[in-house]
Amino acid sequence: MSTINLETIKSELEMFGIDYDDEAILDKLLEQSICNRLQADQIMLEWVAFSVTKSGLKLNIDNLEQFEHEVSNCLLFCTQIQDIIDHLLDSYSTPAKGSQKRSLSTPEHPQSKRSAALLASPGLLLSPASFSPSGTPSQKYSQRGAKGEVVVKFGSSEGSQWAGGNGRGVGVSLELLEGPEESLRSSYKFMFQRLRDVRNVLTDKIEELGETLRNHFNIEEFSPAALPAQDSITILGQVCCDSKGKLNAQSVVLEAGPEHGAQLVPVDLSELKEYSLFPGQVVVMEGLNTTGRRLVASKLHETHTLTCLVPEPVSVLVACGPYTPSDSLTFDPLLDLISVIVRDRPDVCVLLGPFVDAKHEQIEKAQVTETFEAIFTRCVESIVEGTKSVGCRLVFVPSQRDVHHHPIYPQPPFSLPDLCKDQRVTMAPDPCTLLVEGVALGLTSTDILFHMGAEEINGGFYFEAVLTDRLWLYSYYPLYPPVEDMNMDYEKFQSYGQMPLTPDVLVVPSELRYFIKEVIGCVCVNPGRLTKGQVGGTYSRLLIQRSSQSEDGQRASPCLTCQVVKI
């Protein structure tokens, strides 16, 4: 190999007839030659090929920086391919007896140490230049203020120790309550669903919830929806809209199940002082229907919840993507979150998507240098490696906005077989119910609050009271029909979209403002998103203490302390 210096670079430029007007260009080309282990003639050939594909770019510093990025990634890809070929050749070769395999490294063929180097540091694994040609960190995010500020509190925080947890790690009991039928990883019928099957799912929902409400409120029986009666009657049904437009107070229709006539009856809400209704909601109404053509509602029954006993204190950190600012594909917010996890040492970390956000401008325009799956894998690997010293349990929940994942609801869990071997890692579907040391956590990354807010009508209620009257009727997505961009598989939804029990904590990330609200025994938390546009967002942390039994021997709600914190 000949020596590479400024003279050889200058000689090659003259031979190719390439003009330059700045001596710094020679230094830059020499630097790129050394970093990429290329000879002077090789770097010139690379530049000529690059400039020709770009319609004859002039040789200047700005164009050299773009050239450097593309050549570096191309060479990195070639090195990875060579590593794969070498591995395959080694796997099919039979070494001589007693011989020991020894990797060779030469300047022409350097040994690939990328994996070892990247795994040593989450920051290196998420190097910004690896994902986008414009790998510049977001200025607005780096200049954000109020880091670590607590913006919402719930419960008594006196004496609460957020930092320096007991580090139980894999010793924490964690159970994922899955549906009774086949796995979510099996085939879906979206776009091939028969209307009859969808109707059966909705009918079963009406009947199951109706039986629960009938027993709870001691109702003898429900009346047919369209039967004329001079006395007050009680009707069970699903809220619908009488047209294709948005639901309003004059367009509410109640649809009864097959056992009660399967008929539609318009509802007059003028006698109700307070109400909150949305399409698909299963309700029990009392009122008069003297003609059989219109129910004048006088009472709307509330649903009820169950409570669970918390055997041991547990600390949980919850964060929802995106994990990058909107003006950059750098994962600085995620790296800051990993630092928080290392500092606070929670027992469990629940991380909800999107991890590779389909709504990110650079993702939409495909301005990335790796596949979406590769970016996601490196993102998750950085989290696992970066929190190894903490030993906390990690729960990953997908999002409809994860560009590399199945955009069907309910969503199957991520498939990363190698990482799933780690006892700390749990890949969960969206939605899911998780038992953490006996505490029931309801999790969904779907922005149902935003979806329902656009469709719901109410009288005398603020929006947060959407949760109050029924806790979504034991359903993670009770809205019917769903919003246009929701790809719903109703057969899967029947098994995996329902709440097997009322959770102690319901995590509902949303574009709406973060909040913590207790709703009939369940603490509903909107942790916000880790980034909001170009600036930092919020995450949530929970400290769940042991609960005691009430005087009548019934289970009491767990003692919760919860905060929403700025990243």
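Residues numbered from 1 in each chain as written. Predicted model: local features only at pLDDT ≥ 70, side-chain atom pairs only at ≥ 80, totals over all residues. Heavy atoms only, no water.

1. Considerations on the overall build of the protein chain
Selection rule: In DSSP terms, a helix is any run of H or I states spanning at least four residues, a strand is any run of E spanning at least two, and both are numbered starting from the N terminus. Here's how the labels work: a residue is buried when its accessible area is under 20% of the maximum for its type, exposed when over 50%, partly exposed in between, all with a 1.4 Å probe on protein chains only. When checking whether two residues touch, look at their non-hydrogen atoms; a contact exists if any pair is within 4.5 Å. The Shrake-Rupley method, run with a 1.4 Å probe sphere, supplies the accessible areas, and residue values consider only the shown protein chains as cover.
A tally of regular secondary structure across the protein chain gives 14 helices and 22 strands. Across the 567 residues in the protein chain, those meeting the buried criterion constitute 49%. A sequence separation of at least 24 residues applies to 73% of the contacts in the protein chain between residues at least 6 apart. Of the roughly 27400 Å² of accessible surface on the protein chain, a fraction of 51% belongs to carbon and sulfur atoms.

2. With respect to the environment of Ala226
Mapped onto the fold, Ala226 is located in the loop between α8 (195–216) and β3 (229–241). Counting along the chain gives 35 residues from Ala226 to Gly261, while the straight-line C-alpha distance between them is 7.7 Å. Beyond its immediate sequence surroundings of up to four residues, Ala226 is in contact with Gln263, Asn289 and Gly292.

3. Let's talk about the sheet that holds strand β5 (residues 264–268)
This is how it is decided: For two strands to be treated as a pair, DSSP must find no fewer than two bridges joining them. To get an axis, fit a line to the C-alpha atoms, keeping to the stretch in contact for a helix; angles then go from 0 to 180 degrees between the N-to-C directions.
Taken together, 5 strands build a closed barrel; the order of strands is β3-β4-β5-β8-β7 and the barrel is mixed. Averaged over all pairs of adjacent strands, the angle between strand axes in this sheet comes to 55°, irrespective of strand direction. Contacting β3, β4 (252–255) and β7 (282–289), α8 runs over the sheet at an angle of about 135° to β3.

4. Details of unusual backbone geometry
For the peptide bond that leads from Gly321 to Pro322, omega is 10°, which places it in the cis range. Turning to its location among the elements, Pro322 is positioned in the loop between β9 (314–320) and α9 (332–344). In this structure, the amide linkage connecting Gly353 to the following residue, Pro354, adopts the cis form with an omega of 10°. On the secondary structure map, Pro354 appears in the loop between β10 (348–352) and α10 (361–364).

5. Here we look at the side chain of Thr324
Considering the arrangement of structural elements, one finds Thr324 in the loop between β9 and α9. According to the relative accessible area criterion, Thr324 is buried, its value standing at 6%. Not counting residues up to four positions away in its chain, the partners in contact with Thr324 are Leu329, Thr330, Phe331, Pro333, His360 and Thr531.

6. Considerations on the sheet that holds strand β14 (residues 439–443)
An order of β2-β13-β14-β16-β18-β17 is seen for the 6 strands of this open sheet, with the pairing classed as mixed. With partners counted over all chains shown, the strands left at the sheet margins are β2 (174–177) and β17 (515–519), one partner each. The mean inter-strand angle of the sheet, taken between neighbouring strand axes irrespective of direction, is 20°. Of the strand pairs in this sheet, β2 and strand β13 (residues 432–436) are connected by 4 bridges, and their pairing is antiparallel. In the strand pairing of β13, Leu177 is matched with Thr433.

7. Re the environment of Gln39
Of note, Gln39 is situated in the loop between α2 (24–35) and α3 (40–53). Residue class for Gln39 comes out buried when judged on its relative accessible area of 14%. Through-space distance from the C-alpha of Gln39 to that of Ile4 is 6.6 Å; in sequence the pair is 35 residues apart.

8. A word on the confidence of the model for the protein chain
Low pLDDT marks regions whose predicted coordinates should not be analysed in detail. Heads up, the condition is: Confidence of the predictor at the level of single residues is captured by pLDDT, which takes values from 0 to 100.
For the protein chain, per-residue confidence averages 79 on the pLDDT scale, and 77% of positions sit at 70 or higher. Of all the helices and strands in the protein chain, helix α5 (residues 114–119) carries the lowest mean pLDDT, 39, while β10 carries the highest, 96.

9. Considerations on the packing of aromatic side chains
Condition: Two aromatic rings from Phe, Tyr or Trp, using only the six-membered ring of Trp, form a pair when their centres are within 6.5 Å; if the ring planes differ by under 30 degrees the pair is stacked, by over 60 it is edge-to-face, and anything between is tilted.
Inspection of the entire model under this criterion finds 12 aromatic pairs. Look at Phe50 and Phe67: their rings are 5.4 Å apart centre to centre, the planes differ by 55°, and that puts the pair in the tilted class. Highlighted residues: Phe50 in helix α3 and Phe67 in helix α4 (residues 61–92), separated in sequence by 17 residues. Just as Phe50 is buried, Phe67 falls in that class too.

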